[in-house]
Amino acid sequence: MSGIELSPLHGWLVELRRDFHRNPEVSYGELRTSRRIAEVLREMGVEVQTGIGGTGILARIESRRPGPVVAFRADMDALPLQELSDAPYRSAVPGVMHACGHDGHMTIALGVARTLMEEEWPARGRGKVLIVFQPAEEGGAGALAMLQSGAFDGEPIEAIFAGHMHPELPVGHIGIVPGVCNAASDSVRIRITGKGGHGAQPHRCVDPIVAGAALVTQLQSLVSRSISPIDSAVLTIGQFVAGTASNIIPQEAFLNGTLRTLRPEVRDAMVERMGQMVKGLELTYGVKVDLEIIPGYPLLVNDSGVVEMARHVASDYLGPDRVHIELPRMGAEDFAYFLQRTPGVLLRLGCHNPEEGFRYALHSPHFDMDERALDVGVGLFVRLIKHRLGPA
């Protein structure tokens, strides 16, 4: 692939993506988004099943000849974030923004469907393609909700693909991770109970803020001093809530955080050490501490065989110098639930303008993409699907 080839669908793809971007919806609230997707699919003549796992959609494109079943997944939800871009297609919904590229993922999936239909694949191909539009990736486990709905129980899916915008790479490049691709996530909730009282009489109180501040500092030593430097773990306390006034020592303090790990053994070690640290805090500060670990998304593990196939197809399409073998990321992804059931791969789609370089990361209020990534995504995933289905 020399340069970046724009497909005949480029204008249509851009229009769709910008419509999604202007009208973002958060997890399990993707009502307009779902209606729009179903409308576009039905205009193509694609069979559509709606309301799966909440607002999810399953599109089926079946050929006349039997063959494998292959799936492609796109997530739909936006983030509760105020967009700070001045783009003419910026979000029209206050406090909600497509800052993780899901508007692009949906657009690519619709582009894949349209390409297959316009190439008359149902009449000429073999097997079946399932295109999955999934709600609530951003913490709502929409993938699990769709799987638990039973909609896939009669579908012997042999391989599943997904893509994610990756602003660290320029448009026209992709990243592939063999094996573990994204971390497992756990929520950490801590309640510290002391003895409230007057801020001028701390000796008559048991201050949960002082204890909590010490705990936040101590927790940061767990990764550096309890985990091997060869392993990876992240423990972040993102919320510390306590008190109502400057002269009141409160009764309680609340800490919320996230734990990310790439190996179950590391997760278990981190949880054990947190428990020990909490007991030490109780003895040192005279407080009572309740520690709750809430399991989140599992490890996302790409299948080695599908990875190798994807690397080969992507190298032929984009050029081998544009296909990068990358390391795992500590961000979690609920595509992991699909991969627990079906061999597949999550590919990272480069989306920054090479003339501008990398500017804004995912989840930034300024995030945007080079929209040529839409064409690259459609071309790549159509090729992957056809390759996996085999010759017509």
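Below is a short write-up of the structure. On a predicted model such as this, the values are computed, not experimentally measured, just so you know.

Reading the values: rules and limits
Residues numbered from 1 in each chain as written. Predicted model: local features only at pLDDT ≥ 70, side-chain atom pairs only at ≥ 80, totals over all residues. Heavy atoms only, no water. Helix = DSSP H or I, 4+ residues; strand = E, 2+ residues; numbered from the N terminus. Rg over C-alpha atoms; globule rule 2.2 N^0.38 Å. Buried < 20%, exposed > 50% of the residue type's maximum accessible area, 1.4 Å probe, protein only. Contact = heavy atoms within 4.5 Å. Areas by Shrake-Rupley, 256 points an atom, 1.4 Å probe, with all protein chains shown as cover. Lys, Arg positive; Asp, Glu negative; His and termini not counted. Charge placed at Lys NZ, Arg CZ, Asp CG, Glu CD. 1 Å grid on protein atoms, 1.4 Å probe; cavity = no way out; pocket = protein on both sides within 12 Å on 5 of 7 lines; lining within 4 Å. Points joined across faces, edges and corners; volume = space filled by probe spheres on them. Nonpolar A, V, L, I, M, F, W, Y, C, P; charged D, E, K, R; others polar. Core = buried A, V, L, I, M, F, W, Y, C linked by side-chain atoms within 4.5 Å. Pairing = 2+ DSSP bridges. Axes fitted to C-alpha atoms, helices over the stretch in contact; angles between N-to-C directions. Expected span 1.5 Å × (residues − 1).

1. What to know about the overall build of the protein
(1) Moving on: Scanning the protein for helices and strands turns up 10 helices and 16 strands.
(2) Moving on: A globule of 392 residues ought to have a C-alpha radius of gyration of about 21 Å, and the protein, at 24 Å, matches this closely.
(3) Moving on: Judged by the C-alpha coordinates and their principal axes, the protein covers about 80 × 45 × 40 Å.
(4) Moving on: Each of the 392 residues in the protein was classed as buried or not, and the buried ones make up 51%.
(5) Moving on: Intrachain contacts of the protein at a sequence separation of at least 6 include 81% that bridge at least 24 residues.
(6) Moving on: With an accessible surface of roughly 16,800 Å², the protein has 51% of that area assigned to carbon and sulfur atoms.
(7) Moving on: Counting 37 positive and 46 negative side-chain charges, the protein places the centres of these two groups 2 Å from one another.

2. Overview of the layout of surface pockets
(1) Moving on: In this structure, the largest pocket occupies an estimated 460 Å³ of space.
(2) Moving on: Lining the largest pocket are 20 residues, with Cys100, Gly331, Ala332, Leu362 and His363 sitting closest to its centre.
(3) Moving on: Of the residues forming the lining of the largest pocket, the biggest block, four residues, is contributed by strand 5 (residues 157–170).
(4) Moving on: Considered class by class, the residues forming the lining of the largest pocket number seven nonpolar, six polar and seven charged.

3. Examining the nonpolar core
(1) Moving on: Counting residues in each nonpolar core, the largest one holds 65 residues, and the members touching the most others are Leu41, Ile131, Phe133 and Phe161.
(2) Moving on: Top element by residues in this core is helix 10 (residues 372–389). It accounts for 10 residues.
(3) Moving on: Not counting residues up to four positions away in its chain, the partners in contact with phenylalanine 161 are Val70, Ala71, Phe72, Arg73, Val306, Met309, Phe335, Val345, Phe381, Leu384, Ile385 and Arg388.
(4) Moving on: Within the second largest apolar cluster, 25 residues are counted, among which are Leu147, Ile160, Val177 and Tyr297.

4. Some thoughts on empty space enclosed by the protein
(1) Moving on: This structure, assessed with the given rule, holds one cavity of 30 Å³ or more.
(2) Moving on: Along the walls of the largest cavity sit Leu147, Phe152, Ile157, Ile160, Phe338, Arg341 and Thr342, which together make up its complete lining.
(3) Moving on: Elements that contribute at least two residues to the lining of the largest cavity include exactly strand 5 and helix 9 (335–341).
(4) Moving on: In terms of residue class, the lining of the largest cavity is built from five nonpolar, one polar and one charged.

5. Describing the sheet that holds strand 13 (residues 288–295)
(1) Moving on: With respect to topology, four strands assemble into an open sheet ordered 10-12-8-13, the strand pairing being antiparallel. Edge strands, defined here as strands with exactly one partner in the open sheet, are strand 10 (233–242) and strand 13. In this sheet, neighbouring strand axes are inclined to one another by 20 degrees on average, regardless of whether the strands run parallel or antiparallel.
(2) Moving on: Across 10 bridges, the pairing between strand 8 (residues 184–193) and strand 12 (residues 252–261) is antiparallel. Bridging from a neighbouring strand, isoleucine 190 pairs with leucine 255 of strand 12.
(3) Moving on: Relative to the sheet, helix 6 (residues 208–226) contacts strand 8, strand 10 and strand 12, its axis offset from that of strand 10 by approximately 170 degrees.
(4) Moving on: In the packing of helix 7 (residues 264–285) onto the sheet, the strands contacted are strand 8, strand 10, strand 12 and strand 13, and the crossing angle to strand 13 comes to about 165 degrees.

6. A look at the sheet that holds strand 15 (residues 323–325)
(1) Moving on: Pairing is mixed across the open sheet formed by eight strands, whose spatial order is 1-2-4-3-5-16-6-15. Of all strands in the sheet, those bounded by a partner on one side alone are strand 1 (47–52) and strand 15. The sheet shows a mean angle of 25 degrees between the axes of neighbouring strands, direction not considered.
(2) Moving on: Two strands pair when backbone bridges link them, and strand 1 and strand 2 (residues 56–62) are joined in this way by four bridges, in the antiparallel orientation. Note that in strand 2 the partner of isoleucine 52 across the bridge is glycine 56.

7. Some points on helix 10
(1) Moving on: For helix 10, which comprises 18 residues, the first-to-last C-alpha distance of 26 Å matches the rise-based estimate of 26 Å (1.5 Å per residue) to within 8%.
(2) Moving on: Just downstream of helix 10, glycine 390 is the residue with a positive phi angle, here 90 degrees.

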